[in-house]
Amino acid sequence: MLLEFLHSKIHRATVTDANLNYVGSITIDSALLKAANIQEWQKVEILNVNNGERFQTYVIKGEENSGQICLNGAAARKVQKGDKVIIVTYAHLDRTEINEFKPSIVIVDDNNKIIEQK
């Protein structure tokens, strides 16, 4: 049996842009992706701290160290520039993997610069 667990999290990132005229997704600074162990094209869940919205999309790699967190396409309707979001992924683990697994957690400041990694 597989159980679903937190795989990675970018905690309280600030939305830098919302681009309605782009074809779907979220663009994330590639340095944040690497630190959080998130892959380009991977499905992510976005939790908007400001308005309570929860939705899923996929990742596009943004410019390294740009601080970019841009919601694109339909997802742009769910956020506003300046909103705080939590970006998460999940993994399916079997019982033999659970005790050894640790999620990647990245905490950022208001400019989306890494201040802590767990």
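Scroll up to find the structure this text is about.
Computed from a predicted model, the values in this text were never measured in an experiment.

A. Structural view of the overall build of the protein chain. Helix and strand counts for the protein chain stand at two helices and nine strands. Listing each helix as α and each strand as β along the protein chain from the N terminus yields β-β-β-α-β-β-β-β-α-β-β. Scaling as 2.2 N^0.38, a compact globule of 118 residues should have a C-alpha radius of gyration of about 13 Å, and the protein chain matches this with 14 Å. Counted over contacts in the protein chain with a minimum sequence separation of 6, partners at least 24 positions apart contribute 79%. The average position of the 14 basic charges and that of the 15 acidic charges among the side chains of the protein chain differ by 3 Å.

B. Spotlight on the environment of Val85. On the secondary structure map, Val85 appears in strand E7 (residues 84-94). A relative accessible area of 0% places Val85 in the buried class. The sequence separation of Val85 and Phe55 amounts to 30 residues, and the corresponding C-alpha distance is 11 Å.

C. Seen up close, a nonpolar patch on the surface. Together, Tyr22, Val23, Trp41 and Tyr58 make up a nonpolar patch on the protein surface, roughly 470 Å² of accessible area in all. For Trp41, a relative accessible area of 56% translates into the label exposed.

D. Summary view of the environment of Tyr22. Relative to the elements of secondary structure, Tyr22 occurs in the loop between strand E2 (17-19) and strand E3 (25-29). For Tyr22, a relative accessible area of 39% translates into the label partly exposed. Taking the C-alpha atoms as reference points, Tyr22 and Ile107, 85 residues apart in sequence, are found 27 Å from one another. If sequence neighbours within four positions are ignored, Tyr22 has contacts with Ile60, Asn72 and Gly73.

E. Representation of unusual backbone geometry in the model. Of note, Arg12 is a non-glycine position whose phi angle comes to about 60°, a positive value. Along the polypeptide, Arg12 turns up in strand E1 (residues 2-14). Residue classification places Arg12 among the partly exposed positions, given a relative accessible area of 36%. A positive phi angle, near 60°, is found at Asn37, a position not held by glycine.

F. Summary view of the sheet that holds E2. Within the open sheet, the nine strands sit side by side as E2-E6-E3-E5-E4-E7-E1-E8-E9. Their pairing is mixed. In this open sheet, the two strands that pair with only one neighbour each are E2 and strand E9 (114-117). Averaged over all adjacent pairs, the angle separating strand axes in this sheet is 30°, with direction ignored. Bridge analysis of E1 against strand E8 (residues 104-108) gives four bridges, and the strand direction is parallel. Among the inter-strand pairings, Ser8 is bridged to a residue of E8, identified as Ser104.

Reading the values: rules and limits
Residues numbered from 1 in each chain as written. Predicted model: local features only at pLDDT ≥ 70, side-chain atom pairs only at ≥ 80, totals over all residues. Heavy atoms only, no water. Helix = DSSP H or I, 4+ residues; strand = E, 2+ residues; numbered from the N terminus. Rg over C-alpha atoms; globule rule 2.2 N^0.38 Å. Contact = heavy atoms within 4.5 Å. Lys, Arg positive; Asp, Glu negative; His and termini not counted. Charge placed at Lys NZ, Arg CZ, Asp CG, Glu CD. Buried < 20%, exposed > 50% of the residue type's maximum accessible area, 1.4 Å probe, protein only. Patch = residues over 30% accessible without salt bridge, like charges linked within 9 Å, V, L, I, M, F, W, Y side chains within 5 Å. Areas by Shrake-Rupley, 256 points an atom, 1.4 Å probe, with all protein chains shown as cover. Salt bridge = Lys/Arg side-chain N within 4 Å of Asp/Glu carboxyl O. Pairing = 2+ DSSP bridges. Axes fitted to C-alpha atoms, helices over the stretch in contact; angles between N-to-C directions.

Read these as geometric descriptors, not functional statements.
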